[in-house]
Amino acid sequence: MQTVSIRAALVGLAAITATPVLAGSPADKLACGNAVRKDAVAACDRVLATPNLTRAERLMAHFNRGWAHRRTGANSEAIADFDAAEAQDGGFARLYLSRAEAKRDMGDMNGALLDLNRYIALDGGDWNGHYQRALIERRKGRHARALEDVTRALELKPFAKELGPLHVLTLADLGRLPAAKEAADRLVASRGSDATSRYARAVVAFRQKDHDAATADLDTALAAEPLFSAAYALKAQIDEARSDKAAAAENYRLARRSGGPTLDEAAAILLADSRLANLGPAARSATAATRAPGKVATAAGAAATKAAEPVGKQAAPQAKPAASEAKPEAPAKPRTKVECRRFVPSAGMTIAVPCGS
């Protein structure tokens, strides 16, 4: 299909009118083209029910409805719409990038990678395609390929905020720690307290066994982004290196939350789950994970509380909690048939995970 046809469809879907909303009306097309609207899916439904749609109009209605589904987290429905869009025109590049993101969020890394390869073949000049592919290649432990993509993305868009930290991390993944440290220092010098830049430099310091420097950067990162999963997971690894299992368990618990920067988030949660299952009594004795919104506990606070207890004196028995009270989280039960491994970039290690995760 010719590019002019797609552009014509976009213009048609973006037409502004005062006509009452009817099936396939210009107002429906406008609403369908705005994925953040609550009525976007319903508007796209009405557009798609209109007879005699051109292939370009049907493609864009499916594409837009796919994005409306993604905005609500309905990735399976989004993928179905992107598939339908592909059936109308397999040369529409943006649908492959969009479908790759939905597949990644569903955990289908191989499917996402196939779509990104197709997207880059169609539009190799978009930095985001290379960036997204670098994320997946790194998650799969293929660091040289990840570095190639992030380097290309930096050539296309040198000042994209996402790329600097990823560049530092891929250098560290490859063991090129002096180069990673140099790049991280430049990044922090230009961005100050930026959380992801500080986290990237902390990863380098951790791998260089400079735990004090890593902790300082992580504290700055968490002050800026209190829900940064990967930063908490890295703090927990430092706690383990210092033999402070209670503090490590507390930070792993905090790493299991989401809502902050997504850099290394999935890997951090996997690592936290794995380590909490192995820490055993230390995980159970750490501060309870359930907290009031807005109150973020720190590993330092947990350690300080532990240090304040009288030496050699046992704590007073706790009253049995009421049924309505939150119970301490039980250690994760060992899963059966755990036969697969996944590289965790933030940890620089491979852990066992359920196959298909």
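Caption draft 1: The overall build of the protein chain, seen in detail. Counting its regular elements, the protein chain contains 18 helices and two strands. In the protein chain, which comprises 357 residues, the share counted as buried stands at 46%. Counting only contacts in the protein chain whose residues sit at least 6 apart along the sequence, the fraction spanning at least 24 positions is 54%. Accessible area of the protein chain: about 18,200 Å², with a carbon and sulfur share of 53%.

Caption draft 2: Representation of the nonpolar core in the model. Counting residues in each nonpolar core, the largest one holds 49 residues, and the members touching the most others are Leu163, Val168, Tyr199, Leu218, Phe228, Leu234 and Tyr252. The greatest single-element share of this core, amounting to eight residues, is contributed by helix H12 (residues 195-207). Sequence-distant contacts of Tyr252, defined by excluding residues within four places in its chain, comprise Ala233, Ala236, Gln237, Glu240, Leu271, Ala272, Arg275, Leu276 and Leu279. By size, the runner-up hydrophobic cluster in this structure holds 23 residues, among which are Trp67, Ala85, Phe92 and Leu97.

Caption draft 3: Expanded view of the side chain of Ser98. Structurally, Ser98 can be placed in helix H6 (residues 93-105). Apart from the residues within four sequence positions on either side, Ser98 is in contact with Phe63, Trp67, Arg70 and Phe82.

Caption draft 4: View of the packing of aromatic side chains. A full pass over the atoms with the stated rule returns four aromatic pairs. Both rings, one in Trp127 and one in Tyr131, keep their centres 5.8 Å apart while their planes meet at 40°; by these two values the pair is tilted. With Trp127 and Tyr131 both in helix H8 (residues 127-139) and four residues apart, the pair spans about one turn of that helix. Residues Trp127 and Tyr131 agree in their burial class; the two are buried. Measuring from ring centre to ring centre gives 5.2 Å for Tyr199 and Phe228, while their planes differ by 50°; the resulting arrangement is tilted.

Caption draft 5: Representation of the confidence of the model for the protein chain in the model. Residues of the protein chain with pLDDT of at least 70 account for 72%, and the chain-wide mean is 81. Overall, residues 287-339 carries pLDDT values under 50, and its contacts beyond four positions in sequence, including any with other chains, amount to 31 contacts. Low pLDDT, under 50, characterises residues 353-357; the predicted model gives this stretch 11 contacts beyond four residues in sequence or across chains.

Caption draft 6: Inspection of the state of the cysteines at higher detail. Counted by the stated rule, this structure contains one disulfide. Between Cys32 and Cys44 runs a disulfide, and the two sulfur atoms are separated by 2.0 Å. The sign of the S-S torsion, about 100°, decides the handedness of the disulfide formed by Cys32 and Cys44: right-handed. Placement of Cys32 in helix H2 (residues 26-32) and of Cys44 in helix H3 (residues 40-48) is noted, with a sequence separation of 12 residues between them. Here Cys32 and Cys44 have matching classes, each one buried.

Caption draft 7: Geometry of the pattern of salt bridges. Scanning the entire structure with this criterion turns up 30 salt bridges. We note a salt bridge from Arg242 to Asp212, for which the minimum N-O separation is 2.9 Å. One end of the pair, Arg242, is in the loop between helix H14 (229-241) and helix H15 (245-255); the other, Asp212, is in helix H13 (residues 211-224), and 30 residues separate them in sequence. Under the relative-accessibility criterion, Arg242 is labelled partly exposed at 40%. Asp212 sits in the exposed class, given a relative accessible area of 60%. For the salt bridge of Lys235 with Asp219, the shortest nitrogen-to-oxygen distance reads 2.9 Å. Of this pair, Lys235 sits in helix H14 while Asp219 sits in helix H13; the two residues are 16 residues apart in sequence, bridging distant segments of the chain. Members of the salt-bridge network, linked through shared partners, are Asp83, Glu86, Arg99, Lys103 and Asp115.

So, how was this worked out
- Residues numbered from 1 in each chain as written.
- Predicted model: local features only at pLDDT ≥ 70, side-chain atom pairs only at ≥ 80, totals over all residues.
- Heavy atoms only, no water.
- Helix = DSSP H or I, 4+ residues; strand = E, 2+ residues; numbered from the N terminus.
- Buried < 20%, exposed > 50% of the residue type's maximum accessible area, 1.4 Å probe, protein only.
- Contact = heavy atoms within 4.5 Å.
- Areas by Shrake-Rupley, 256 points an atom, 1.4 Å probe, with all protein chains shown as cover.
- Core = buried A, V, L, I, M, F, W, Y, C linked by side-chain atoms within 4.5 Å.
- Phe/Tyr/Trp six-rings, centres within 6.5 Å; stacked < 30°, edge-to-face > 60°.
- pLDDT = per-residue confidence, 0-100.
- Disulfide = S-S within 2.5 Å.
- Salt bridge = Lys/Arg side-chain N within 4 Å of Asp/Glu carboxyl O.

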